[in-house]
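This is what each chain is made of:
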Amino acid sequence: MIEQKYIDEVLDKVDLTEVAEDHGITLKLKGHRAWACCPFHNEDTASFCIDTAKNLWYCHGCNKGGNVINFAMETDGLTFPLAVKKLLKEKLGHDLTDKEMKSTPEEEGKHKKRESMRIINDRLATFFAEQLQKDTEDARMAKAYMLSRWNEKYCQEQRIGYAPKDWHSVVDYATKTGLSLDLLQEMGILRVSERTKKLYCVYRNRIMIPIRDRYGNIEGFTARALDDTVECKYLNSADSELFHKAHSVFGIESAIRTAKNEGKLFLVEGAPDVIRLHSLGIFNAVASLGGSWTEKQFRKLKEYRLDDCTLCFIPDSDVPKNGAKMGSGFLNVLRNGAIAMQQGFTVSVREIPNDLSSGNPKKVDPDDFIKDRSDLARLAEREFLLWAFDKWFDRCGTAEEKQKVIDETCDLLLFVKDDAIMGRYVSELARMDGGKTVWRQAINAAKM
């Protein structure tokens, strides 16, 4: 097995357009996309595309795609380890030794199992995409819903598809194509009915959105119900040897390069928000597939060497429920931003405007609000610590509640290691309420 650092080095530093040109492919640049006739099937019109901002490729003709390692595997007929070794040597001058590529039998067994699961997900993504193109009323309605929200070309590139309403299509497809029914059950895709004792697919009448890992491999799905009466609007893949929701970061395969170049990563709540931003060319956006971010996900961002990026949250702007002081979108970011600061990140917030005082206030999320790049640009950005203090302090009714907010803010201030930044924060907070003496005393108390 090749160490992670070498794989990341290839993905971060090897230019896909250069590798394609080394293989005799003539590219024509249009914006941030480079086009050519596909090297993997015969065609007269260019449908092979390299997204230079994301360093990923996709062919609209044969529906293949991936990163620079996948490209080397396809063009040179190499296994994953040999493709990495070849690119390291030819493009970065690093010749891996046999020792650096060696793995234990246990590691090999786990790797093969994960690869089998990836193959299953890839085959299912193809199956779901094909269902979306069928000439049936259900498929037409599913496609109409998809196109009412997102760009068709982008959806094709992401291989967004449709899970049919029936209980048996996926089981029949898996049986016909020889996919492991045991692994499909272990991955939570198939279950045994308690009533009939037969296998059925848990995804029915849903838009199927692939979840990819850092390398572009499909590790799971997030599935949007087309029937809004169902209890679970979004259904994510079950945890398995391959997929862990607490670790997964949706959109990361496309976001890393742009985030590093711009020094900023936008954090939104769900896959549709990421799809909206990516389809507009705002690639440095990711989601946690739900309201909560975990320490493990933030550690993943560090593993991807995004420590120097500002994490900018764009919360859903929604209506407070059940007597809450603010909507769940803001509450999520208040919690998640604090965890991010504790993990050592610089954190900010861009808040979507929403008139909650109107007669019929509605939730507004990035997918609703951001229709072009200018919509994002006009959202004012604030440092998370100041934004959070403002949100909580403005809703305090008693002196005790105010002191609690000051104390909790000081707990976060202790994670600021730069004295100059700390001093600026104290000055800003003192102007907002309390004065410097109050804040200095609270900070000293927090240090004890």
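Description of the structure in this document. Remember, predicted model here, so these are calculated numbers, not experimental data.

1. Section: the packing of aromatic side chains
Enumeration according to the criterion identifies 15 aromatic pairs in this entry. On the numbers, 6.3 Å between centres and 35 degrees between planes, the contact of Phe-384 with Trp-387 is tilted. Note that Phe-384 and Trp-387 are positioned in helix 17 (residues 384-393) at a spacing of three residues, about one turn of the helix. Given a relative accessible area of 1%, Phe-384 falls into the buried group. Of the residues examined, Trp-387 reaches a relative accessible area of 2% and is grouped as buried. Three or more aromatic residues link up through ring pairs in this structure, and these residues are Phe-40, Phe-48, Trp-57 and Phe-71. Across the ring face of Tyr-304, the terminal group of Arg-214 is positioned such that the distance to the ring centre comes to 6.0 Å. The aromatic ring of Phe-345 is capped on one face by Lys-302, whose charged end is 5.8 Å from the ring centroid.

2. Notes on helix 9 (residues 169-177)
Of the residues making up helix 9, those classed as buried are Ser-169, Val-170, Val-171, Tyr-173 and Ala-174. At its buried positions, helix 9 is contacted by helix 6 (105-132), helix 10 (181-186), strand 7 (190-192) and strand 8 (199-201). Among the residues trailing helix 9, Gly-178 stands out with phi positive, at a value near 80 degrees.

3. Things to note about the pairing of strand 9 (residues 206-212)
The element strand 9 is largely enclosed, with a buried count of seven among its seven residues. Here strand 9 shows two buried faces, one formed by Arg-206, Met-208, Pro-210 and Arg-212 and the other by Ile-207, Ile-209 and Ile-211. Across three bridges, strand 6 (residues 161-163) lies against strand 9 in antiparallel orientation. Each residue of the ladder has a partner; that of Ala-163, found in strand 9, is Arg-206. Of the strand pairs in this sheet, strand 9 and strand 10 (residues 218-225) are connected by seven bridges, and their pairing is antiparallel. For Ile-211, the partnering residue across the bridge sits in strand 10 and is Gly-220. Linkage of strand 9 to strand 10, two consecutive antiparallel strands, is achieved through a turn of five residues, within which Gly-216 is found at a positive phi near 90 degrees.

4. Some points on the pattern of salt bridges
According to the stated counting rule, one finds 33 salt bridges in the structure shown. Put simply, Asp-367 and Arg-276 hold a salt bridge, and the shortest N to O gap is 3.0 Å. Here Arg-276 lies in helix 12 (residues 271-279) and Asp-367 lies in helix 15 (residues 366-369), a separation of 91 residues in the sequence. Classification of Arg-276 by relative accessible area gives buried; the value is 12%. The partner of Lys-300 in a salt bridge is Glu-303, and the shortest N-O contact between them spans 3.9 Å. Highlighted residues: Lys-300 and Glu-303, both in helix 13 (residues 295-303), separated by three residues, approximately one helical turn. You can call Lys-300 partly exposed: its relative accessible area is 24%. Assessed through its relative accessible area of 48%, Glu-303 is described here as partly exposed. Because the salt bridges share partners, they merge into one network encompassing Asp-12, Arg-214, Lys-260 and Arg-305.

5. Quick notes on the sheet that holds strand 6
Spatially, 6-9-10-11 is the arrangement adopted by the four strands of the open sheet, whose pairing is antiparallel. The strands lining the two open edges of the sheet, one partner per strand, are strand 6 and strand 11 (234-236). For this sheet the average axis-to-axis angle between neighbouring strands, irrespective of direction, equals 35 degrees. Relative to strand 11, strand 10 runs antiparallel, the two sharing three bridges. By the bridge assignment, Arg-224 is partnered in strand 11 with Tyr-234. Lying on the sheet, helix 6 is in contact with strand 6, strand 9 and strand 10; it crosses strand 10 at an angle near 35 degrees.

Rules of the game
- Residues numbered from 1 in each chain as written.
- Predicted model: local features only at pLDDT ≥ 70, side-chain atom pairs only at ≥ 80, totals over all residues.
- Heavy atoms only, no water.
- Phe/Tyr/Trp six-rings, centres within 6.5 Å; stacked < 30°, edge-to-face > 60°.
- Helix = DSSP H or I, 4+ residues; strand = E, 2+ residues; numbered from the N terminus.
- Buried < 20%, exposed > 50% of the residue type's maximum accessible area, 1.4 Å probe, protein only.
- Lys NZ or Arg CZ within 6 Å of the ring centre and 35° of its normal.
- Contact = heavy atoms within 4.5 Å.
- Pairing = 2+ DSSP bridges.
- Salt bridge = Lys/Arg side-chain N within 4 Å of Asp/Glu carboxyl O.
- Axes fitted to C-alpha atoms, helices over the stretch in contact; angles between N-to-C directions.

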